[in-house]
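# Understanding the architecture of this molecule
So you can see what is in the structure, the chains are spelled out below.
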Amino acid sequence: MTAAPPSAAYLYERVRRVIPPIEWSAFSDDIDAILALKRERNAVILAHNYQTPEIFHCVADIVGDSLALARKAMEVDADVIVLAGVHFMAETAKLLNPQKTVLIPDLGAGCSLADSITAEDIRLLRQRYPGVPIVTYVNTSAEVKAESDICCTSGNAKAVVESLGVARVIMLPDEYLAQNIAAQTDVEIIAWQGHCEVHERFTPADIRQLREDHPGVSVLAHPECPPEVVAEADFSGSTAAMSDYVGREKPARVVLMTECSMSDNVAIAHPEVDFIRPCNLCPHMKRITLANIRAALEQNRHLVTIDPQVADRARRAVERMLAI
Ligand code: SF4
């Protein structure tokens, strides 16, 4: 018999700095139900850093950036994985766990980068640049990964590019990530013109205004931001690298030029740091809610499936990355 779920009340202590009591009252029923369903179904929830704090801190079993989620997805010992994130992340979890049930709570949780390129685009690039290896950001569909030589994340892109031992690579689909990595390596990088609709909106003028309004603030920018934004920042790195920076440097005041929930989630772990919060919401990440995570577990929806032939080739590109 399954033990009664713990009350969600104690979890409020984790998030009280960022969730007012009146909002919490709308969450606690779903949290109790999700905790019980996870036990009944032997399920784990993987949550990206851009998920809201009540998901990230109260129901998730594994949290992190795309690279961490991909790595940890390989070690999951559960029958069911619920991916609290966007569709390409759920596909990556499925690629690495083909025998497990992988669910995404909302099929509409897409990504402007993943939508910017197709498998056919890659085949055309191969004709245009014969022999040039293709490095594909994980923010892509399984079909696109299947046409690629190796995947990368914002956390390991430079290492992946340099691991290939060639003078020139194609890196797609994020033009700004490609340009930001090109500034750090001697490898020539051919970019695609995809952009993250969240990070492309930040500007150097935003940073200058922040420095004027909040003297001494440390500015951290995600490498999906335009290069001129990264150039104005004090540090640039993946969401995991930004989080590590805050823990290591303990700036008195910090601003993270990235998705809004990231600041909330990092702020909970660092109450001594003053977080300034101009941020941009990712509408795709925000489609995931406690209510649809609960429905996913109750109704076994939405199943993530990948054509086996596509999956085999896409998995190779992801595993090559993970081997670095
Ligand atoms: S934040 Fe940008 S890259 Fe991440 S899922 Fe949203 S649109 Fe895609």
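Structure: see above.
Anyway, here's the lowdown on the structure attached to this text. (Residues numbered from 1 in each chain as written. Predicted model: local features only at pLDDT ≥ 70, side-chain atom pairs only at ≥ 80, totals over all residues. Heavy atoms only, no water.)

## Digging into the pairing of strand 3 (residues 80-84)
Counting buried residues in strand 3 gives 5 out of 5 residues, a clear majority hidden from the surface. Here strand 3 shows no split at all, with Val80, Val82 and Ala84 on one side and Ile81 and Leu83 on the other all buried. Strand direction decides the pairing type here: strand 1 (residues 43-48) and strand 3, joined by 5 bridges, are parallel. Of the residues in strand 3, the one forming a bridge with leucine 46 is leucine 83. In this sheet, strand 4 (residues 101-103) lies alongside strand 3 in parallel orientation, the contact comprising 3 bridges. Within the sheet, the bridge partner assigned to valine 82 lies in strand 4 and is leucine 103. The handedness of the strand 3 to strand 4 crossover, carried by helix 6 (residues 87-96), is right-handed. (Buried < 20%, exposed > 50% of the residue type's maximum accessible area, 1.4 Å probe, protein only. Helix = DSSP H or I, 4+ residues; strand = E, 2+ residues; numbered from the N terminus. Pairing = 2+ DSSP bridges. Right-handed = clockwise from strand over helix to strand, strands pointing away.)

## With respect to the state of the cysteines
Under the defined criterion, the tally for this structure stands at 1 disulfide. Note that cysteine 260 is cross-linked by a disulfide to cysteine 279, the S-S spacing being 2.2 Å. For the disulfide bridge between cysteine 260 and cysteine 279, the dihedral angle about the S-S bond is near 100°, and by the sign convention the bridge is right-handed. A residue pair is termed long-range when its members are at least 10 positions apart, and cysteine 260 in helix 14 (residues 260-269) and cysteine 279 in the loop between strand 12 (274-276) and helix 15 (290-299) qualify at 19 residues. Judged by relative accessible area, which is 28%, cysteine 279 ranks as partly exposed. (Disulfide = S-S within 2.5 Å.)

## Side note on the site of the ligand
Close to the ligand lie Tyr50, Val86, Cys111, Ser112, Leu113, Asn139, Cys196, Glu197, Val198, Glu224, Cys282 and His284. Tallied by class, residues from the shell around the ligand come to 7 nonpolar, 3 polar and 2 charged. (Near = heavy atom within 4 Å. Nonpolar A, V, L, I, M, F, W, Y, C, P; charged D, E, K, R; others polar.)

## Topic: the pattern of salt bridges
Once their charged atoms are close, side chains differing in charge can pair, the charge on each being opposite to the other. The tally for this structure, following the rule as stated, stands at 17 salt bridges. Between aspartate 234 and arginine 211 there is a salt bridge; the shortest N-O distance is 3.2 Å. You can see aspartate 234 sitting in the loop between helix 12 (227-232) and strand 10 (235-236) and its partner arginine 211 sitting in helix 11 (residues 204-213), a full 23 residues away along the chain. On the basis of relative accessible area, aspartate 234 is assigned to the partly exposed category, the value being 42%. Taking the relative accessible area as the measure of exposure, arginine 211 reaches 28% and is therefore partly exposed. Several salt bridges share partner residues, and in doing so they unite Glu120, Arg123, Glu147 and Arg313 into one network. (Salt bridge = Lys/Arg side-chain N within 4 Å of Asp/Glu carboxyl O.)

## Let's talk about the nonpolar core
General note: in soluble globular proteins, nonpolar side chains tend to be found buried as a group. With 95 residues, the main nonpolar core has Trp24, Ile31, Leu46, Met171, Leu256, Ile293 and Met321 as its most contacted residues. At 7 residues, the largest contribution of residues to this core is made by helix 16 (residues 308-322). Beyond its immediate stretch of four places on either side in the chain, tryptophan 24 contacts Ala8, Leu11, Tyr12, Val15, Ile19, Ile31 and Cys58. Ranked by size, the runner-up nonpolar core spans 13 residues in total, among them Leu210, Ala221, Ala233 and Ile276. (Core = buried A, V, L, I, M, F, W, Y, C linked by side-chain atoms within 4.5 Å. Contact = heavy atoms within 4.5 Å.)

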